[in-house]
Amino acid sequence: LTACRRELHAHPELGLNEVQTAAFIEAKLDEWHIPHHRVGKTNVVGVLKGEHPGNHTIALRADIDALPIQELNDVPYRSQTDGVMHACGHDGHMTILLLFARWIAKNRAHIHCNIVLLFQPGEEVCPGGASMVMAEDPFRDYRVVAFVGEHVAPEMAVGNLGFRSGKYMA
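Residues numbered from 1 in each chain as written. Predicted model: local features only at pLDDT ≥ 70, side-chain atom pairs only at ≥ 80, totals over all residues. Heavy atoms only, no water.

**Q** Describe the packing of aromatic side chains, and please don't skip the residues or the numbers.
**A** One pass over the structure, following the stated rule, counts one aromatic pair. Geometrically, the ring pair formed by Phe139 and Phe147 is edge-to-face, given 5.6 Å between the ring centres and 90° between the ring planes. The class of Phe139 is buried, set by a relative accessible area of 9%. Overall, the relative accessible area of 40% leaves Phe147 in the partly exposed class. (Phe/Tyr/Trp six-rings, centres within 6.5 Å; stacked < 30°, edge-to-face > 60°. Buried < 20%, exposed > 50% of the residue type's maximum accessible area, 1.4 Å probe, protein only.)

Spelled out as structure tokens, the structure:
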């Protein structure tokens with residue numbers, strides 16, 4: 001996972017132009033035999049069906065775009081794209097969702113719902129990528145009962161998770 005995050009961190013792309021990023025995500029989903037498709041240019045939607053899928057779906061979202069900021073960190077995995085970096089943690093978001101996808105793929109026997117993975121482009125642009133993704137209605141074939149969007153929170157202590165119901169950061 002560290003290698004995955006560092007690869008994503010080293011090759012950031014600005015919102016709605018995440019072509020290499022989407023291809024990287026698709027390659028990982030292919031590696032783990034997770035069906036997926038594109039919605040629009042760079043939004044990747046993976047679909048995991050548990051062995052006991054029931055009639056409901058949980059949707060999980062991670063953003064995939066970077067910011068127009070020059071990276072000054074002196075690390076081996078620093079941004080290779082001049083003037084662009086993952087300064088908001090989206091490299092971590094993608095890695096977390098890919099980790100979850102890999103875990104679910106290995107544990108389908110214990111899953112009692114469908115899970116839709118949404119790798120959303122353009123979170124940092126206006127109009128935001130979410131509105132464009134939703135206009136394509138990627139969930140029309142599923143009865144989504146919960147939608148979870150994750151975000152890193154550097155102000156929280158390591159090992160802690162925070163949850164909130166309803167709309168948040170919208």
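**Q** So, the pattern of salt bridges: which residues are in play, and what are the values?
**A** All chains considered together, the criterion is met by four salt bridges. A salt bridge links Asp91 to Arg5; the shortest N-O distance between them is 2.7 Å. With a gap of 86 residues between them, Asp91 in helix H3 (residues 90-106) and Arg5 in helix H1 (residues 2-10) connect regions that are remote in the sequence. On the accessibility criterion, Arg5 (24% relative accessible area) is partly exposed. As a salt-bridge pair, Arg61 and Asp63 come within 2.4 Å of each other at their nearest N and O atoms. Neither Arg61 nor Asp63 differs from the other in exposure class; each is buried. (Salt bridge = Lys/Arg side-chain N within 4 Å of Asp/Glu carboxyl O. Helix = DSSP H or I, 4+ residues; strand = E, 2+ residues; numbered from the N terminus.)

**Q** Can you lay out the nonpolar core for me, pointing to particular residues and giving the numbers?
**A** One finds Ile25, Leu29, Ile34, Ile115, Leu117 and Phe119 to be the most contacted residues of the largest nonpolar core, which totals 23 residues. Every element with two or more residues in this core is listed here: H1, helix H2 (19-31), strand S2 (43-49), strand S3 (57-63), H3 and strand S4 (114-120). Element by element, the count of residues in this core is highest for H3, at six residues. Apart from residues no more than four positions distant in its own chain, Leu29 is found in contact with Ile34, His36, Val44, Gly46, Leu98, Ala101, Leu117 and Phe119. Judged by nonpolar contacts, the second largest core, of seven residues, contains Val39, Ala59, Val116 and Phe139. (Core = buried A, V, L, I, M, F, W, Y, C linked by side-chain atoms within 4.5 Å. Contact = heavy atoms within 4.5 Å.)

**Q** Give me the sheet that holds S4: which residues, what numbers.
**A** What holds strands together in a sheet is hydrogen bonding between their backbones, with the strands either parallel or antiparallel. With mixed pairing, the five strands of this open sheet are ordered in space as S1-S2-S4-S3-S5. Each edge of the open sheet carries a strand with a single partner, namely strand S1 (36-39) and strand S5 (144-149). Direction aside, the axes of adjacent strands within the sheet are offset by 20° on average. Sitting on the sheet, H2 is in contact with S1, S2 and S4, with an inclination near 160° to S1. (Pairing = 2+ DSSP bridges. Axes fitted to C-alpha atoms, helices over the stretch in contact; angles between N-to-C directions.)

**Q** Could you give me a rundown of the confidence of the model for the protein chain, with the residues and numbers involved?
**A** Residue-level pLDDT values for the protein chain average 92, and 99% of them are 70 or greater. Of all the helices and strands in the protein chain, helix H4 (residues 129-135) carries the lowest mean pLDDT, 85, while H2 carries the highest, 98. (pLDDT = per-residue confidence, 0-100.)

**Q** I'd love a proper account of H2, names of residues and values included.
**A** Each turn of an α-helix holds 3.6 residues, which means side chains three or four residues apart point in the same direction. The terminal C-alpha atoms of H2, which comprises 13 residues, lie 18 Å apart, in line with the 18 Å expected from a rise of 1.5 Å per residue. Considered for burial, the residues of H2 that qualify are Thr21, Ala22, Ile25, Glu26 and Leu29. Across the axial projection of H2, the buried residues extend over an arc of 135°, all falling on one side. On the buried face of H2, the contacting elements are H1, S1, S2, H3 and S4. (Expected span 1.5 Å × (residues − 1). Arc of directions from axis to C-beta.)

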